Each structure stands twice: as C-alpha cells, then as structure tokens.
Amino acid sequence: MRALFSADSSAKKPPNYYDRLFAYVSAKGESFRELLLFVLVGCAGVLAFHRATLLSGLDIVQSDTADSRLIIFLLEHWHRVFAGNAGWASPSMFYPLQGILGHSDMLSGMGVLFSGFRTLGLDLFQAANATLVLLSILSYLSAYWLLRRVLKIGCMGSVVGAAFFAFSYPKFAQLPHLQLRFDFFQPLALGMIVPLWLETGAMRTREIAGRLTAFGLLVSLGANTTFYHTWFFVFFVCTSGGVALAFPVLRTRLAARLREGWRGLWIPISICGLALLPFLSLYLPKLKPSAERNWQNTIPYIPHISDYFWVGPEHLLWGTLQFNSAAGVFGAIEHRLGIGFAASVVLLLGWMWGVWHLIAALRGRSQARTGREDLFAAILVGSLVVTALTVRWGSFYPWQVIYQLVPGASAMIAVGRWAITLMLPVSVLFAVGADWIQDALKERARLGKGIIVVVGLLVGLEQAGRIPASYSAEVATRYHEELVRAIPDTCQAFLLAPPPQPEDAFISRERFDEAGYLASNPDVARSWRGSAWDHYRQFGYREGRSFNASAAATRQIENFHYQVSAMIASAMSGKPTVNGASGFMPAGYPLSNLYATDVSQRLAAWLSTSCLVSKRLSASDLSAPSRHSLSLGFRPPPVSDSIPLAPGITQSMPSGASGIVYFVDSMGPAANPFSRKTIQLKASESFGVAGWAIDRPNNSPASGVELVLDRKTYRITYGMPRADVAESLKEPADRKSTRLNSSHLGI
C-alpha cells in the first residue's frame with residue numbers, strides 16, 4: 001500500500017513550469033535573444049522618436065500648426081471617402097472646384113490607417129498621431145525583414161540597420177511634413193526584386209512575375225500616397241540597376257531572368273497599370289512647371305554639400321554648435337540632411353569601397369562569385385550618383401538636367417528630400433558593416449559585439465533631436481470646434497477670412513513709403529516697371545500689401561493659418577469651404593490672399609451663394625499648452641521678473657537709434673502692435689511678445705533689449721531664428737544676426 005501510494009503521489013506531482021520554461025528558452029536561446037534585442041531596440045526607437053506623443057497619450061502633435069493640419073485635413077477626407085460621404089478626388093476645399101486632390105499628395109495609403117483609428121473613436125489629431133507611430137513601427141519591421149530575411153544579414157546588423165532606417169535624424173527633422181513618414185513600402189519593394197539578382201539557380205516564370213507584381217503594387221501604393229518618396233525610390237532603383245550592369249555576374253543573372261520570365265511580364269505590367277490609374281488620372285495633367293513650382297523656385301531648395309553634414313539647431317548632440325545656426329537658411333527644414341559625424345564617416349567609407357569595387361569590376365579584377373558584394377556595391381554607387389545629382393556644385397546644378405528630362409522631376413521642389421530615401425541604402429551599409437565586424441572578429445565574439453554596441457549607441461545618439469514645435473490635440477479640437485460654431489447653419493459653403501485691419505486703410509500719396517513698400521514686396525521690386533505708388537494704387541491696396549517686411553512675413557503665415565483652420569472646420573462640420581491650401585494653387589483661384597481689401601468682392605465673383613465668416617484668429621491660440629504639454633515640460637518660457645531699469649528706456653528709443661533696427665511683430669493676439677493705439681489683453685493670462693532687433697554697425701543681435709509695458713521693464717530673450725528678416729535687410733552670407741526675440745510676460 002505504501003508503495004502504491006508513493007507511486008501515485010509521484011505520478012500526480014504538478015509539473016514544474018519554471019523548469020519547462022527554462023528548458024524551452026535554452027533550446028530556443030538564440031531565437032529568443034534575437035527577438036528580445038529586436039523588440040527592445042524597436043521600442044526604444046519608437047519611444048525616442050515619438051516621446052511627446054506617446055507620453056501624452058496621443059495628445060501632443062510633434063509638429064507646427066501649419067503643414068501638419070493640411071495633411072490631417074486630407075487624411076480626414078479619406079475617412080469621409082471610406083464612409084461614403086465624399087468623392088475620392090474632391091476634398092472639401094477650393095469649393096466648388098472638383099478633382100483638386102491632385103494639387104497635393106494623395107495620401108490614400110495613410111488614409112486607410114488613419115480611417116481605422118478614426119473608426120476606433122480617436123479624434124482627427126489623435127488619429128494622425130497614432131498613424132505616425134504605426135508607420136514608424138512598420139518602417140522598422142519592413143527594414144528588418146529586408147536585412148534579415150532577404151539579404152541574410154546577422155541579427156545585430158539587421159537590428160542596427162533597421163533602427164537607422166526608421167529613426168534617423170533627417171526623418172525626425174521632417175516630422176512637420178507628416179506624409180514623409182510613409183516609407184515602409186521601400187524596403188518591402190526592394191526585397192521583392194533583390195532575389196532576382198541574388199538567387200543562383202533558375203527561377204520559374206510564376207515566381208518572377210509574382211515578384212515583379214508585388215514590387216509594382218508596392219510602388220503604386222507609394223505613388224498613391226506620397227509622390228516624393230516614390231519618385232526618388234524608383235529613380236534610385238533604376239540608377240542602381242544601371243550600375244549593376246557593369247558587373248558580369250549581375251548582368252548574366254539579369255539576362256537569365258529575362259529569358260526565364262519574359263512570357264509572364266504582361267501580368268505585372270497589367271496589374272500595376274491598373275493600380276496606378278488613380279495616380280495617373282490626377283497627376284498627369286499637373287506634372288508640369290507652374291507658377292509655384294518652376295526651376296527658379298526650385299533652386300533655393302537644392303542642397304549644398306555641407307547640408308549633408310548639417311543637422312539643425314534642434315539636434316540633441318550637435319545643435320549648439322555655431323555651424324548649425326538656421327539664421328538666413330531659406331527653407332531650413334529642407335536642408336537638415338545630416339546624419340551625424342560618425343554615421344557620415346561610415347557612409348563616406350562605404351561610398352569609397354563601392355567605387356573601388358566598381359572600378360575593379362570594370363577592369364576585370366573583381367573576385368565576386370555569388371554577386372552579393374557586386375549588388376551591394378551597385379546599391380552604394382547608385383545612392384552616391386543620386387546624391388551627387390541632387391546637390392549644387394557652386395553655380396552648377398546637375399539636377400537641372402534631371403528636372404528637364406526625367407518625367408515627374410519638374411513637379412518636385414524640395415530636392416533635399418532625397419536624403420530620406422538615402423536612409424535605405426545607408427541602413428544596408430550599417431547592417432553589412434556590423435556583419436563584417438562580427439565575421440572579422442568571430443574568434444573574439446564579445447569584442448565584435450562590443451564594438452557594434454558602442455558604434456550603434458553613438459550613431460543612435462546622433463539621430464536624436466529636440467522637438468522644435470508641438471501642439472495639443474485637445475486644444476486643437478476645441479479651437480476648431482469653436483470655428484465650426486461660428487459658421488451659420490444656413491451656409492452651404494463658407495469662406496473664413498480675417499476682419500478688416502486698421503492698417504489696411506488706403507494710404508495717401510504724401511504718407512506713402514516707397515522704399516519700405518518695395519523692400520516688403522520683393523516680387524514688385526523685381527517685376528513691376530512703374531513706380532511703387534502706381535503699383536500700390538492699382539494693385540497693392542486691394543491685395544493688402546504690407547509696408548514692413550517682418551509684418552508681411554507674419555501676414556503670410558497668418559494667411560495660411562486662416563486657410564488650414566477653415567479646412568479643418570470644414571472637415572469637422574461637413575460643410576465645404578472656399579478656403580484652400582496645397583502644393584500649388586488651382587488656376588484662376590482668386591482667394592489665396594485673405595488679407596486683400598476686396599476679398600468680399602472676389603468671393604462674390606467666385607461663388608455668390610457662399611457665406612463670408614469674418615473672425616479674428618491667432619496661431620498662438622492654437623499653440624496654447626494643454627494639461628499634457630504642461631506635465632511633459634512643454635511650458636512657455638517662465639514669466640520674466642521685472643528688472644530694476646529706468647521705465648521707458650525702450651519706449652523712448654527711436655527706430656534706428658545708434659544703428660539699432662527693431663520691430664515688434666505681435667503682442668498676444670495683436671499683430672503689428674506699433675500700428676495700434678491700445679491693445680486689449682487679459683490680465684489673468686500670460687501672452688507672447690515677438691519681434692526682432694539687430695545691431696547693424698556690429699552685424700550682431702542687439703544686446704540688452706528690453707520691453708516696457710505699463711512702465712515695467714522686461715528683459716527680452718533670443719529664440720527662433722528669423723531668416724525672413726535677414727533676407728529683407730540683406731544681411732551678409734552668414735545671416736546670423738537676425739533672430740526672433742520672444743518673452744511670455746505676466747501682466
């Protein structure tokens with residue numbers, strides 16, 4: 001009995017799950033460690049890249065309030081399309097024009113993801129944030145798939161390369177352009193065609209047709225979403241393919257694939273042609289130079305070689321260095337193309353190796369047998385060729401040849417965005433480099449992994465940046481809901497415009513400042529043959545032209561703010577708006593300038609049945625901090641303490657005294673406060689004061705600047721650069737003397 005009892009007790013003993021788990025992990029140790037590394041690095045990258053958004057519960061939009069709202073409007077358009085409430089090619093802007101989606105990126109791929117989050121109950125801005133986070137995850141996953149599964153690179157190298165592709169600094173700097181986060185199709189598309197060169201054995205026609213079809217569908221998805229990424233990717237693939245023909249092994253395999261698969265080529269051509277029909281129907285009529293997009297307007301956006309080393313003043317490690325100043329850089333965000341010093345050294349070494357390997361192949365000295373090194377060299381040299389074409393070499397612009405000859409190139413103005421697609425071949429370089437280190441030090445594995453970790457951490461830190469601008473989804477939703485309430489229920493369509501401004505009154509000939517008018521309106525100075533007074537009298541007054549360069553720049557920003565605010569209000573209310581903003585304006589659209597004094601007459605001529613909603617707006621109201629932004633440390637600058645200086649010192653200083661030139665752009669919601677006798681401000685709220693001051697004789701920022709309000713003197717601090725003022729005042733080439741002075745004062 002005891003023996004039976006003892007045996008039964010042993011049989012019924014519960015299993016030790018910890019031992020089983022340990023045994024499983026030991027058996028699957030390598031796979032488990034690979035998965036753990038992949039997940040940890042991915043989570044760290046996503047959190048660093050979208051830290052404000054994630055830590056605020058999707059409330060903080062890591063962007064300014066300008067272009068991001070245009071993209072969010074277009075994404076909401078797709079949500080309405082999928083709900084059956086709108087035609088796919090006709091967003092509710094520029095009413096009553098139809099088919100005007102082709103004036104911007106289509107964003108259909110992003111629209112699918114965005115609409116899914118909207119269906120889950122997120123508002124417009126939260127859904128946009130969730131879409132961006134998901135796109136970052138997809139970029140990381142797709143790059144890892146390419147490197148690990150297709151190119152057969154080791155785990156550490158694949159993780160390093162995938163993280164670089166998804167979270168590099170040029171992509172972080174371009175977060176205000178939300179559509180540029182859609183890049184995960186690039187590694188997937190490249191992974192579809194790379195085996196055509198790498199596979200040593202024969203391929204069936206079905207496999208070749210399937211791979212080419214998948215490649216074409218992914219490219220079509222990109223084209224129907226974001227044009228820049230797709231065009232540059234296709235151009236890069238074609239360039240690298242041309243370089244690959246210089247290698248005998250790759251040339252032989254390509255010829256073999258053509259022999260094996262030519263009978264099935266009609267399948268990818270037919271399917272991809274159908275997938276591209278929406279894109280072609282929208283953009284073929286518009287892929288030509290326009291007033292906004294021509295060669296002269298493209299030149300300022302063509303990067304210098306130095307831009308590929310410039311990371312911008314918001315860079316975490318190098319942003320405080322003098323060469324990173326954004327002063328005087330036109331379209332600064334489009335020139336922040338640097339990837340850091342360590343990453344740049346690796347890239348230059350990779351390019352040198354690729355050129356050396358190509359030269360060896362041309363001389364018949366290449367020792368490659370499998371074609372992997374040849375293909376890798378073709379990818380690197382192809383990226384070098386495209387980079388060389390997209391930079392300016394003194395007064396020589398190689399891009400002009402591409403602009404004139406290659407279809408679609410003339411529709412792109414921000415040529416520097418090639419740097420984002422460049423991250424794909426660079427990620428391959430980093431992955432292969434890490435694999436090479438591990439292979440070279442395989443007998444000292446810990447040393448090899450240590451080198452990869454140290455270099456990876458340094459390169460990773462070089463991709464980190466500060467968040468230059470942000471706003472709250474909660475505040476933005478309330479802001480636009482207030483606009484919706486201002487639209488009369490009886491309106492079938494509406495135009496949102498600012499109320500008449502006191503400074504817009506007609507100025508007599510005696511008070512007319514000809515020099516100031518021409519300086520503030522350089523387009524008039526360039527093209528108008530008559531006198532400045534004649535232009536003002538015939539056109540300038542009706543167009544709401546300014547007499548101050550800084551005020552003109554501020555008005556241009558506010559004009560765009562009105563347009564996109566109306567568009568978001570239209571998306572939320574379901575009422576179409578005559579307002580509109582896009583990459584280039586529709587022909588004949590007369591309401592691009594909402595500050596024109598005859599805006600009501602223009603509206604009546606355009607659409608007599610619409611309502612004119614006149615409301616004073618300020619972009620600063622939209623940027624007000626929310627409970628999330630305050631808890632995350634995104635506070636306005638602290639209230640300045642009153643300093644013991646003689647009251648009235650700034651008040652009594654005349655403009656230009658002692659060579660000091662200054663101007664106050666705005667005070668709270670009031671623009672151009674110098675033109676007003678009184679300004680009403682709320683005593684219970686803080687408000688911003690923005691302007692500029694420079695010391696012309698010393699070519700430097702004016703020192704010791706104070707502002708006197710109600711006989712209290714406040715010190716002003718320097719903040720955001722002001723390239724517009726530097727351009728207007730014709731500062732020297734470095735343009736580092738003109739900056740925005742900003743202080744939040746509690747009165």
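On a predicted model such as this, the values are computed, not experimentally measured, just so you know. (Residues numbered from 1 in each chain as written. Predicted model: local features only at pLDDT ≥ 70, side-chain atom pairs only at ≥ 80, totals over all residues. Heavy atoms only, no water.)

Some thoughts on the overall build of the protein
Point 1. Secondary structure assignment for the protein yields 31 helices and 12 strands.
Point 2. In the protein, which comprises 747 residues, the proportion classed as buried is 51%.
Point 3. Of the roughly 35000 Å² of accessible surface on the protein, a fraction of 62% belongs to carbon and sulfur atoms. (Helix = DSSP H or I, 4+ residues; strand = E, 2+ residues; numbered from the N terminus. Buried < 20%, exposed > 50% of the residue type's maximum accessible area, 1.4 Å probe, protein only. Areas by Shrake-Rupley, 256 points an atom, 1.4 Å probe, with all protein chains shown as cover.)

Comments concerning the side chain of T298
Point 1. Within the secondary structure, T298 sits in helix α17 (residues 295-298).
Point 2. In contact with T298, not counting residues within four places along its chain, are Y403, M412, I413 and V415. (Contact = heavy atoms within 4.5 Å.)

Thoughts on the nonpolar core
Point 1. Core analysis: the biggest nonpolar cluster contains 164 residues, and F125, W231, F233 and W399 have the highest contact counts within it.
Point 2. Residues contacting W399, with those up to four places away along its chain left out, are W231, F232, W295, I302, L389, T390, A409, M412 and V415.
Point 3. I507, F512, Y517 and A532 belong to the second-largest nonpolar core, a separate cluster that totals 7 residues. (Core = buried A, V, L, I, M, F, W, Y, C linked by side-chain atoms within 4.5 Å.)

Some thoughts on the packing of helix α7 (residues 124-150) against helix α10 (residues 185-193)
Point 1. Relative to each other, α7 and α10 sit at 25°, their axes nearing to 7 Å. By the angle class used here, α7 and α10 are roughly parallel. In the crossing of α7 with α10, the sense of the turn from one axis to the other is left-handed. The segment α7 lies against α10, with S142, A143, W145, L146 and V150 engaging P187, L188, L190, G191 and M192. (Axes fitted to C-alpha atoms, helices over the stretch in contact; angles between N-to-C directions. Parallel < 35°, antiparallel > 145°, perpendicular 65-115°, else oblique. Left-handed = near helix turned anticlockwise from the far one by under 90°.)

Quick look at unusual backbone geometry
Point 1. Cis rather than trans, the peptide bond between Y95 and P96 has omega equal to 10°.
Point 2. Looking at the element boundaries, P96 is found in the loop between α5 (67-82) and α6 (108-119).
Point 3. Phi at L58 takes a positive value of approximately 70°, unusual for a residue other than glycine.
Point 4. Structurally, L58 is set in the loop between α4 (51-55) and β1 (60-61).
Point 5. The phi dihedral of L107 falls on the positive side, at around 65°, and the residue is not glycine.
Point 6. Secondary-structure assignment places L107 in the loop between α5 and α6.

A short note on the packing of α6 against α7
Point 1. For the pair α6 and α7, the least separation of the axes is 9 Å and the interaxial angle reads 125°. Classified by the interaxial angle, the pair formed by α6 and α7 is oblique. Considering only the axes of α6 and α7, their crossing is right-handed. Contacts between α6 and α7 involve M110, L113, F114, F117 and R118 from the first element and L124, A127, A128, A130, T131, L132, L134, L135 and L138 from the second.
Point 2. A breakdown of the residues in the contact of α6 with α7 according to their chemical character gives 12 nonpolar, 1 polar and 1 charged. (Nonpolar A, V, L, I, M, F, W, Y, C, P; charged D, E, K, R; others polar.)

Structural notes on the pairing of strand β4 (residues 611-614)
Point 1. Alternating residues of β4 divide into C611 and V613, all buried, and L612 and S614, none buried.
Point 2. Bridge count for strand β3 (residues 494-497) against β4 is 4 bridges, and the pairing is parallel. Looking at the pairing, A497 lines up with S614 of β4. (Pairing = 2+ DSSP bridges.)

Details of the state of the cysteines
Point 1. Scanning the model with the defined rule gives 1 disulfide in all.
Point 2. There is a disulfide in this structure between C491 and C611, and the S-S distance comes to 1.9 Å. Handedness of the C491-C611 disulfide follows from its S-S torsion of about -125°: it is left-handed. Here the residue C491 occupies a position in the loop between α23 (473-486) and β3, and C611 occupies one in strand β4, the gap between them amounting to 120 residues. In terms of burial, C491 and C611 fall into one category: buried. (Disulfide = S-S within 2.5 Å.)

Side note on the environment of L622
Point 1. The topology assignment puts L622 in helix α29 (residues 619-622).
Point 2. Residues L622 and Y471, 151 residues apart in the sequence, show an inter-C-alpha distance of 7.2 Å.
Point 3. Leave out the neighbours within four places in its chain, and L622 touches T65, R69, Y471, V475, A476, Y479, H480 and H561.

Remarks on the pattern of salt bridges
Point 1. What the rule picks out here adds up to 10 salt bridges.
Point 2. Residue E207 is joined to R211 by a salt bridge in which the shortest nitrogen-to-oxygen separation is 3.4 Å. Note that E207 and R211 are positioned in helix α12 (residues 205-223) at a spacing of 4 residues, about one turn of the helix.
Point 3. As a salt-bridge pair, E314 and R336 come within 2.7 Å of each other at their nearest N and O atoms. Here R336 lies in the loop between α17 and α18 (341-362) and E314 lies in the loop between α17 and α18, a separation of 22 residues in the sequence. For the pair shown, E314 and R336 are each scored as buried.
Point 4. Here the salt bridges do not stand alone but share partners, grouping K171, R181 and D183 into one network. (Salt bridge = Lys/Arg side-chain N within 4 Å of Asp/Glu carboxyl O.)

Digging into the packing of aromatic side chains
Within a pair of aromatic rings, the relevant descriptors are the distance that separates the centres and the angle that separates the planes.
Point 1. Applying the stated rule across the entire model yields 29 aromatic pairs.
Point 2. Taken together, F38, F49, Y140, Y144, F167, Y169 and F172 form an aromatic cluster joined through their ring pairs.
Point 3. Its guanidinium or amino end placed over the ring of F165, K171 lies 3.5 Å from that ring's centre, counting from NZ or CZ.
Point 4. The cationic tip of R417 hangs over the ring face of Y228; the distance from NZ or CZ to the ring centre is 4.6 Å. (Phe/Tyr/Trp six-rings, centres within 6.5 Å; stacked < 30°, edge-to-face > 60°. Lys NZ or Arg CZ within 6 Å of the ring centre and 35° of its normal.)

A few points about the confidence of the model for the protein
Point 1. Chain-level statistics for the protein give a pLDDT mean of 81 and a share of 75% at 70 or above.
Point 2. With pLDDT under 50 throughout, residues 1-12 is counted as low confidence; its partners more than four residues away or in other chains account for 0 contacts.
Point 3. Predicted confidence is poor over residues 629-658, with pLDDT under 50, and the contacts of this stretch with residues over four places away or in other chains come to 48 contacts. (pLDDT = per-residue confidence, 0-100.)

Side note on the environment of R616
Point 1. Counting through the fold element by element, R616 comes out in the loop between β4 and α29.
Point 2. Judged by its relative accessible area of 43%, R616 falls in the partly exposed class.
Point 3. Expressed as a C-alpha distance, the spacing of R616 and P498, which sit 118 residues apart in the sequence, is 5.4 Å.

Re empty space enclosed by the protein
Point 1. Scanning the entire structure with this criterion turns up 6 cavities of 30 Å³ or more.
Point 2. The set of elements that each furnish at least two residues to the lining of the largest cavity consists of α10, α13 (227-244) and α19 (372-389).
Point 3. Sorting elements by how many residues they give to the lining of the largest cavity places α13 first, with 5 residues.
Point 4. Classifying every residue of the lining of the largest cavity gives 10 nonpolar, 2 polar and no charged. (1 Å grid on protein atoms, 1.4 Å probe; cavity = no way out; pocket = protein on both sides within 12 Å on 5 of 7 lines; lining within 4 Å. Points joined across faces, edges and corners; volume = space filled by probe spheres on them.)

Describing the side chain of H79
Point 1. Within the secondary structure, H79 is located in helix α5.
Point 2. By relative accessible area, H79 is classed as buried at 18%.
Point 3. With residues up to four places along the chain from it excluded, the contact list for H79 reads F114, S115, R118 and T119.

Quick notes on helix α14 (residues 248-261)
Point 1. Between its first and last C-alpha atoms α14 spans 20 Å; for 14 residues at 1.5 Å apiece the expected length is 20 Å, and the two agree.
Point 2. For α14, the set of buried residues is L250, R253, A256, R257 and G261. Across the axial projection of α14, the buried residues extend over an arc of 120°, all falling on one side. When the buried face of α14 is taken as reference, the exposed residues oriented beyond 90 degrees from it are T252, L258 and R259.
Point 3. On its buried side, α14 packs onto α11 (195-198), α12, α13 and α19. (Expected span 1.5 Å × (residues − 1). Arc of directions from axis to C-beta.)

Comments concerning a nonpolar patch on the surface
Point 1. On the surface, I305, F309, L348, W393 and F396 cluster together into a nonpolar patch covering about 480 Å² of accessible area.
Point 2. Inspection of the secondary structure assignment puts F309 in the loop between α17 and α18. (Patch = residues over 30% accessible without salt bridge, like charges linked within 9 Å, V, L, I, M, F, W, Y side chains within 5 Å.)

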